Amino acid sequence: MKALQIYDRFTLALAAAAGLSLALSTLAIVVDVTLRNTGFRPFQFTSAVVEYVMLFVTVAAAPWLARIGAHVAINALVDRLPGGLQSLLGRAVIVLCVVVLEVLAWRAGALTIQEWGFGSVDIRSIAIPGWLAYALLCAGFGLMGLEFLVKLLRGETRAGGDGAH
Amino acid sequence: MEWYYAFGLMIGAILVMMALGMPVAVAFFAVNIAGCYLFMGGMIGIDQFISNATASVTSFALVPIPLFVIMGELFFHTGLAIRIFDALDKCLGSVRGRLSYLTVAGGTLFATLSGSSMANTAMLGTSLAPEMTQRGYKPHMIMGPILATGGLAMIIPPSTLAVLLGSLARIDVGALLIAGLVPGVILAGMYVVLIRTQIALDPEATPSYVPEKVSRGEMVRALLVEVAPMGLVIFCVIGLILLGWATPTESAAFGALSVVALAALYGRLSWRAIVMSLRGAVVVSGMMFMIILGSTTFSQLLAFSGASSGLIGWATGFTVSPYVMLLAMVLVLIVLGMFMDQLSIMMLTLPIFMPLIGTMGFDPIWFGVVMLLALELSLATPPFGMLLFVMLGVSPPGTTITQVARAALPFIGCTLLLIVLLTIFPGLALWLPGMIEG
Amino acid sequence: EEVTLRAISAFPKPLYFSQSFQNFVDMVNERGKGVIRIDYIGGPEMFPPNQQVDAVRRGVVDMQYGPATYYLGKMPEADAWVGMTVSAAEARENGGFAIMQKAFSEKLNVELLAHADTGFNFHIYTLKEPKKLEDGSLDLDGLKIRSQPIYKGFFEGMGIIPVSVPVPDVYTGLERGTFDGSGWPILAIKDLSWDKFLRFRIDPGFFNSDLAVVMNTAKWEGLSEEAKTILTEVSAEYEKSSTAAIEATIEATDKQVRDEGMTVITLEGAAREKFLDAAYDSAWNRMKESGTPNYEELRKDYYSR
Ligand code: NA
Ligand code: NA
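Residues numbered from 1 in each chain as written. Chains lettered and ligands numbered in written order. Predicted model: local features only at pLDDT ≥ 70, side-chain atom pairs only at ≥ 80, totals over all residues. Heavy atoms only, no water.

Peer 1: Please explain the interface of chain B and chain A as it appears in this structure.
Peer 2: In many analyses, interface size is given as the accessible surface area lost on bringing the parts together. Facing 63 residues of chain B, the contacting portion of chain A comprises 59 residues. Counting each side, the surface lost to burial between chain B and chain A is near 5100 Å², with a carbon and sulfur contribution of 78%. Our count for the chain B to chain A interface comes out at 2 salt bridges. Residues Arg-107 of chain A and Asp-47 of chain B are paired through a salt bridge, measuring 2.7 Å at the closest nitrogen-oxygen approach. For the pair chain B and chain A, the interface holds 7 residue pairs in polar contact (both at pLDDT 80 or more). (Contact = heavy atoms within 4.5 Å. Buried area = accessible area lost by both parts, 1.4 Å probe. Salt bridge = Lys/Arg side-chain N within 4 Å of Asp/Glu carboxyl O. Polar contact = N/O pair within 3.5 Å; in protein donor to acceptor, adjacent residues only side chain to side chain.)

Peer 1: Where do I start with the nonpolar core in this structure?
Peer 2: As a rule of thumb, nonpolar side chains are buried together in soluble globular proteins. In this structure, Met-63, Phe-104, Ile-124, Phe-206, Leu-231 and Tyr-302 of chain C are the most contacted members of the largest nonpolar core, which totals 328 residues. At 17 residues, the largest contribution of residues to this core is made by helix H15 (residues 271–304) of chain B. Beyond its immediate chain neighbours, meaning those up to four positions away, Leu-231 of chain C contacts Leu-5, Phe-24, Val-28, Ile-36, Met-63, Leu-113, Met-215, Trp-220 and Leu-223 of chain C. (Core = buried A, V, L, I, M, F, W, Y, C linked by side-chain atoms within 4.5 Å. Buried < 20%, exposed > 50% of the residue type's maximum accessible area, 1.4 Å probe, protein only. Helix = DSSP H or I, 4+ residues; strand = E, 2+ residues; numbered from the N terminus.)

Peer 1: Would you mind showing me how to read unusual backbone geometry here?
Peer 2: Excluding glycine, a negative phi dihedral is what most residues carry, and trans is how most peptide bonds are arranged. Of the consecutive residues Pro-157 of chain B and Pro-158 of chain B, the connecting peptide bond is found in the cis state with omega at 0°. Its location among the elements puts Pro-158 of chain B in the loop between helix H8 (139–151) and helix H9 (160–169). Look at the link from Asp-203 of chain C to Pro-204 of chain C: it is a cis peptide, with omega at 5°. Looking at the element boundaries, Pro-204 of chain C is found in strand S11 (residues 200–206). At Asn-109 of chain C, a residue that is not glycine, the phi angle is positive and equals roughly 60°. Positionally, Asn-109 of chain C belongs in the loop between helix H5 (96–108) and strand S4 (110–116).

Peer 1: Help me out: how do you make sense of the packing of aromatic side chains in this one?
Peer 2: Any aromatic ring pair is given by two values, namely how distant the centres are and how the planes are angled relative to each other. All names here are of chain C. Using the criterion set out here, one finds 43 aromatic pairs over all chains in the structure. Taking 5.7 Å as the distance between ring centres and 45° as the angle between the ring planes, the aromatic pair formed by Tyr-280 and Tyr-303 counts as tilted. Within this pair, whereas Tyr-280 is found in helix H10 (residues 269–290), its partner Tyr-303 is found in the segment after helix H11 (295–302), the two being separated by 23 residues in sequence. The burial state of Tyr-280 is the same as that of Tyr-303; both residues are buried. One residue, Lys-13, lies across the ring of Tyr-40, its end atom 4.5 Å from the ring centre. The ring of Phe-97 is capped by Arg-92, whose NZ or CZ atom sits 4.2 Å from the centre of that ring. (Phe/Tyr/Trp six-rings, centres within 6.5 Å; stacked < 30°, edge-to-face > 60°. Lys NZ or Arg CZ within 6 Å of the ring centre and 35° of its normal.)

Peer 1: Just to check I follow, could you spell out a nonpolar patch on the surface for this structure?
Peer 2: Residues and elements named next belong to chain B. Taken together, the side chains of Met-1, Tyr-4, Tyr-5, Leu-9 and Leu-38 define a hydrophobic patch exposed on the protein surface, amounting to about 590 Å² of accessible area. With 3 residues, the top contributor of residues to the nonpolar patch is helix H1 (residues 3–19). Take Tyr-5: it is sitting in helix H1. The class for Tyr-5 is exposed, based on a relative accessible area of 53%. (Patch = residues over 30% accessible without salt bridge, like charges linked within 9 Å, V, L, I, M, F, W, Y side chains within 5 Å. Areas by Shrake-Rupley, 256 points an atom, 1.4 Å probe, with all protein chains shown as cover.)

Peer 1: Would you take a moment to explain the pattern of salt bridges for this structure?
Peer 2: When the charged atoms of two side chains with opposite charge come close together, those side chains can pair. In this structure the tally under the stated criterion is 37 salt bridges over all chains. Between Arg-41 of chain A and Asp-141 of chain C there is a salt bridge, with its nearest N and O atoms 3.9 Å apart. Of the two residues, Arg-41 of chain A is situated in the loop between helix H1 (2–37) and helix H2 (45–67) and Asp-141 of chain C in the loop between strand S7 (138–139) and strand S8 (144–146); the pairing between them involves two chains. In this structure, the salt-bridge partner of Glu-156 of chain A is Lys-151 of chain A, at a minimum N-O distance of 3.0 Å. Each of the salt bridges in this network shares a partner with another, and the network as a whole consists of Asp-8, Arg-67, Glu-147 and Arg-154 of chain A.

Peer 1: Help me understand the confidence of the model for chain A in this model?
Peer 2: Low pLDDT marks regions whose predicted coordinates should not be analysed in detail. A residue-level look at chain A finds 98% of positions with pLDDT of 70 or above and a mean pLDDT of 92. Here strand S1 (residues 121–123) of chain A stands out as the element of chain A with the lowest mean pLDDT, 88, in contrast to helix H4 (residues 131–153) of chain A, whose mean of 97 is the highest. (pLDDT = per-residue confidence, 0-100.)

Quick look at the structure:
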């Protein structure tokens, strides 16, 4: 299962990138404020980039969070069901997650292409290409859905955790 | 479609999805897809949902959340939290449930540093909860105080929500900010009384170990060495705001960095601690942001379908006495607060509420405080209170939402009681701004 | 058969501009009885401001009121309104408005009905009195001023350090002196109580209203001739009446803030011209750099100083 191993590593690497981007955002804000208060000109890109980092963290962490069961779910009611029904229902919920997320990924992908065609720009403290947010959502939804599919193939019956901190 | 059908359909659908064990974020997505298809006219509705979603988390207002979580995680993973707790343990001696009280004290302090309830709760949850669990505190004595004091952040200034409320309600922002101070402190006091009562009713809820007796000199030493340097962190967060060097959001970054500096000073800094802290920040903020992505859009859809305005119109449509009307307004805020984000609630309700408040002769600033309290309450009310999910996300595996909600309940009672007190004694909110503003 | 249009606004209902749009809605509903009706359903609580024109283009809603510069990236022509010095009525006469209608249609795929609330300016407000130079101009070099994308370029050109701070953080920032001032339209200065700290206003104001009323194209084309005529006539009328309302509001706000002790620093003569040139050139240059073929024509129609 070489392919699966590579895939697992890729998911982990994305989550690591999310962590790194949070660390860099922290430093960027510190540098920005320090420059501003010492008579230098702060970088204009900081606030726009940090805002987009929030979206990046959301989508980059999503598949890995799905793997470790850190997307909060309420399992209290399902837990009371008999075992067979519980795993059947669990699988059905995971399938539904895959469908929902892949539908969103498909539409977000279509909109990415559309925005690219419009040449739109998101004007913040600096201008950011308009398709970027859509592309991030497309990738995030798509990979998160894929992770649920992998969960299903691995025989798991639970979509989310009760907190996996 | 009548508003109550739309309301029932959307709320019913999300409840069913969540009860089936679907991750909360995906449950919102599922209902949003169906709702957008139904209310916005098919496929174009789903596309609009995605357009709306691009704006929901690319927001500077969310930045304090990961920054405060990094701060809390660093406290925990560098072992600074343990050292501070041990030191305070020495000084507080055998006070039962001392860490629960400390949560209230620390939480109130951080409420004056942060304008975001979610950030405050996440920070307290990540730094305090693991340590308290280890020391044998029952879950409700950990989660209740954290949830409750986390919410104080938007009552005690600075408060992002109060600023927005002031501008939308067309009342003086400064007066509203100051008006929240006394009620916020009273609320913290009520939490202390509540914890004392909970311990009296169930002494087993908190561990009863008595730390070894220490001399006064040792106490002073512990305070100076372990607790006093915390001042650096507090300075970095609030000092930088007061000195005018950084905005409340920006100062959170300095706060995180100052914990790193402090840990280095104590020789406790390691790559592992930094990596684990970032990991925690990714887990907590990633989980929260995904829910925010879904719930913001859900909230927008609820507004677009006419369900929210239908409820508001219905509840305020009766001719009743001012106090019954006030009760109706608070109930609307709490009900909407269960399902919607707070800014949207303000945009929907204020145009209707403020004229009513005017004709009924209530003070607008006083009502602003009541509204903030009701909105704060809604963050912790099941089933959709965002703070409940935050708490669940930072709690040990196996914690259930029922446990979290039950822990929050008595503290919700305190807020309700405070609203009643404010109605009887409006001066609790209005005295301080009156003094300062002349 | 009466047609109903569902409309949204980029601003929450209690704010001035949304009330202005409500006037437009009332005018149409009054005139259009039995023919056309607008149902003003809400604002940012339903669609984020930047995504509202998408909702109109797709037909999720029929009509929208909001700033055109939110879509500056898609439609550089929006800068014609930022840098405009003529009245909306003149632009309707001289063909400028028609070019804008074409731009809205080609770039945003929506029908432009009205250019609302023209006649208000933006101003630079400061916490402390800026230093006056010998030539009568102000020394703004190195001042940290809270900025928005449309005037960032102008600020930088004058040596100001533009600071990007989200609205809820500005109050505390001004209270503590985290930055030295803010740019803001004159008539909304009291909305967030910023005027408590911003005690100095630099006159003249610069730039103009970028507020547009737009409609879904298919919906527009499907309207009866009678309905179209009503909308067009009311739009032109609303452009005039909203400008008159703005003038009255500016006058009242200006008197109020002066009475409350705000100091107005007025640039005169050459310094004033230099200041305004820098402001308006920043908008027109931005449009020129975008490479739109409409630049020359729009500048001719919308700009005369
Ligand atoms: Na606060
Ligand atoms: Na809520």
